[in-house]
Amino acid sequence: MKVALTVNDFLRRAELVYPDRVAVVDEPDQPAESWGSIDYREMARRARAMAAGLDELGIGVGERVAMVSHNSARLLTALFGVSGSGRVLVPINFRLVAAEVRYIVEHSGARILLVDPELADALADVDCERKLIIGAESDAVLMKFDTEPVPWEADEDATATINYTSGTTARPKGVQLTHRNVWINATTFGWHMGVSDRDVYLHTLPQFHCNGWGMLYAVSAMGGRHVIIRKIDGHEILRRVEEQGVTLICGAPAVLNAVLDAAAELTADGKEVPGRDRVRIVVAGAPPPTKTIERTEVELGWEFVQIYGLTETAPLITINRNREEFDDLSPFDRAQKLSRAGAPSFGTTMAVDDEGEILARSNTVMEGYWEQPEQTEAAIRDGFFHTGDGGTIDDDQYVVISDRKKDVIISGGENVSSIEVEDAIFQHPDVTEVAVIGIPDEKWGELVTALVVTTPGSDLNEAGLIAHAKGLLAGYKCPKRVEFRDELARTATGKLQKFKLREPFWSDTTRQIN
Ligand code: AMP
C-alpha cells in the first residue's frame, strides 16, 4: 500500500489524538487581531475554513497563494490550510522591500497576496489579482466555516510551498518543496530531536524561512504546543520560556547570542535563567563559535544542537547533537565536538567533490527552482545536490563547513546575494566599480561590506550610498560598511578577485565564513 505523504498528516493526527490541547498561543501583540490560544480541533477547523475560502475565490489546485507575514498563528495555519488543499503557499520574507516582494509575487504567479498589517503601507504598491490585509479583512474572505472544502486528491509529489531564497543569482530563486520533501524532513528532524507530545516550541525562527525548518510540522504531529513570537528580543524569549514552559527553540546564532546576553543580565541581577535542563536549542545558518556553544551549556543549562542544511534541502541534512561518547568530556571539549555541522541526518548521504564542495543526496532535496530549469540542472546533477558550501568530512563522518564556494554572505542567519547588492549599488550614477563581500562580525556573523570606486570628483559618502541601497533592498542586505577605493583587485581577464579583497578582513580567523 502506498498512501500519499502530505502536510495534512501532521495536523490530522493532532486533531484526532489531541483535539482539546492548546495547539498555538498566538503572539498577543499581533497588529492583526491575535488569535489568542486555540486548540487543535479549532486550528484544524480554521485550516479547513481557509481551504473553503480559497475554493470560493476560485483558486485552483497548484495555484499560488503568497503571504508576507511576521510569525503568526495565521501563517502557521496557512501552512496546512493552503498546502493541505493542494494549493502552493509562497511565504515571503517580511524584511523585503516592495520591489523585492513584487518580483516574488510576479515570478511565482501568485493569484492572491496576504499582507501583514504592519507592512501594508510599505507594500501598498505591490499589486496582485487579490490582495488582502491579514486580520479581520483576510479572515472575512478566507475563513469560510459554513462549507466543507472540496477534497484534494492528495499527491505527495505536488509542491507544498515555494520558498524564495537569495543565492548565487541577482534575483532570489523559488525553491519548490514537495509534500514528500517536507514530510520526510519533518519526521527525520522530529526523530533526531526526540520531539514528543510534551514539547512546547517557541517560534523564534521566521516561519517563512524554509517553513521554520519544518520543525513546526513535527511538533504539530506530536500534539506539541506552538508559542508564537513576533520580534526577536533576548529578554522576551526568556520571559516566554519561563511563562510557557518552552522546551524547544530553533534559530540562527544571532538568536542564541541575544539569549546569552539577556541571561548574563539576569544572572548579574542574581536571578535564575529559565529553562535549565529543559530547553534544547537548535542552531544553524552559520557555524557558531565554540565559546558560544560552551556558554549555552554552562550559563543557560540548555542543550545545544547544531544542524546544517539549506532551503533547497528542506533543510535538514546534517545534525550534531550530544552523544554518549561526548558525555564525559569537559564543557569546552564537548563544545568543540558540537561546533562541527554534524553527521548526516537519517536517510542522507553526504560527500565532498574534488573542489571541496559539499554535496548531499536525500529525499529532502527540493523538486527544483520554480521555472528555472537551468539553475535546477546546475544544482542537482550526478545524483547529488551541490550546496555551494566548501568543507570537509572528518573520519567520524562529521561534516565541517569552512568555506563558501558561492558568492553569498550570511548575515544574522539570512542569505544575502553579493551580486544582488552589487546590482543595487551600481544603480547609483557615481559608482563605477563595486565589490560586495562579507567580513567577520561578532553580532551578525558576517557584515555586508561594499568596496566602491566612484567617478572622479564625486562627493558620494558612506551614508549617501547606504541610503541609496535602502531604497532598493531589504535593510539586512544593505551594506553596513562602505570603503572607497581607487581600484579593485582584478584578474588579467578583468574578473574581480574577491578572495584577495576579503583577505585582509579574514586574516585573523581560521575559516573563511562566520
Ligand atoms: P538558507 O537556504 O537561507 O537556509 O541558507 C543555507 C546556507 O546557510 C548554507 O548553504 C550554508 O552556507 C549556511 N549554513 C546553514 N547551516 C550552517 C551551519 N551549521 N554551518 C555553516 N553554515 C551553515
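Residue positions are given per chain, counted from 1 along the sequence in the order it is written. Per-residue local features are limited, in this predicted model, to residues with pLDDT of at least 70; the limit for side-chain atom pairs, both in listing and counting, is 80 or more; totals at the level of whole chains, interfaces and linings are taken over all residues. In computing side-chain properties, one takes all heavy atoms of the structure into account and sets aside hydrogens as well as water.

Participant: So, the site of the ligand: which residues are in play, and what are the values?
Facilitator: With respect to spatial proximity, 18 residues lie near the ligand, and among them Q306, I307, T311, D389 and K406 are the closest. Whenever two N or O atoms come within 3.5 Å, that pair is a polar contact, provided that in protein one can donate a hydrogen and the other can accept it, and provided that, for residues adjacent in sequence, both atoms are side-chain atoms. A distance of 3.2 Å separates an oxygen atom of the ligand from a polar side-chain atom of N415. Exposure was quantified through the Shrake-Rupley algorithm and a 1.4 Å probe, taking into account, for residues, occlusion by the shown protein chains and nothing else. If the ligand stood free it would expose 500 Å²; the protein chains cover 96% of that surface. Put simply, the parts of the chain that give the shell around the ligand at least two residues each are β13 (303-309) and β21 (399-404). For the purposes of this entry, the term helix denotes a DSSP run of H or I that reaches at least four residues, the term strand denotes a run of E that reaches at least two, and both are numbered from the N terminus. When residues of the shell around the ligand are assigned to their parent elements, the largest contribution, four residues, is made by β13. Any residue with a non-hydrogen atom lying within 4 Å of a molecule or strand is treated as near it.

Participant: Mind laying out the pattern of salt bridges, listing which residues take part and the relevant values?
Facilitator: Close approach of charged atoms allows side chains with opposite charge to pair. Whenever a carboxyl oxygen of Asp or Glu lies within 4 Å of a side-chain nitrogen of Lys or Arg, that contact is scored as a salt bridge. Using the criterion set out here, one finds 37 salt bridges in the structure. Here R46 ties to E42 by a salt bridge, and the two come within 2.7 Å at their closest N and O atoms. Here E42 and R46 lie together in helix α2 (residues 40-57), a separation of four residues that amounts to about one turn. With respect to burial, R46 and E42 carry one shared label: buried. The salt bridge partner of E483 is R485, with a shortest N-O separation of 2.6 Å. The rule is simple: take the accessible area with a 1.4 Å probe, protein chains only, and divide by the maximum for that residue type; under 20% is buried, over 50% is exposed, in between is partly exposed. Here R485 falls in the partly exposed class, since its relative accessible area comes to 28%. Salt bridges sharing common partners tie together E27, E236, R239, R240 and E243.

Participant: Explain a negative patch on the surface residue by residue, including any values.
Facilitator: Within this analysis, patches are made of residues with over 30% relative accessible area and no salt bridge. Like charges are joined at 9 Å or less; nonpolar side chains (Val, Leu, Ile, Met, Phe, Trp, Tyr) at 5 Å or less. Note that His is not counted, nor are the chain ends; the positive residues are Lys and Arg, and the negative ones are Asp and Glu. Note that the charge is assigned to NZ on lysines, CZ on arginines, CG on aspartates and CD on glutamates. On the surface, E153, D155, D157 and E367 cluster together into a patch of negative charge. Relative to the elements of secondary structure, E367 occurs in the loop between β17 (357-361) and β18 (368-369). Relative accessible area serves as the criterion here: at 48%, E367 is assigned to the partly exposed category.

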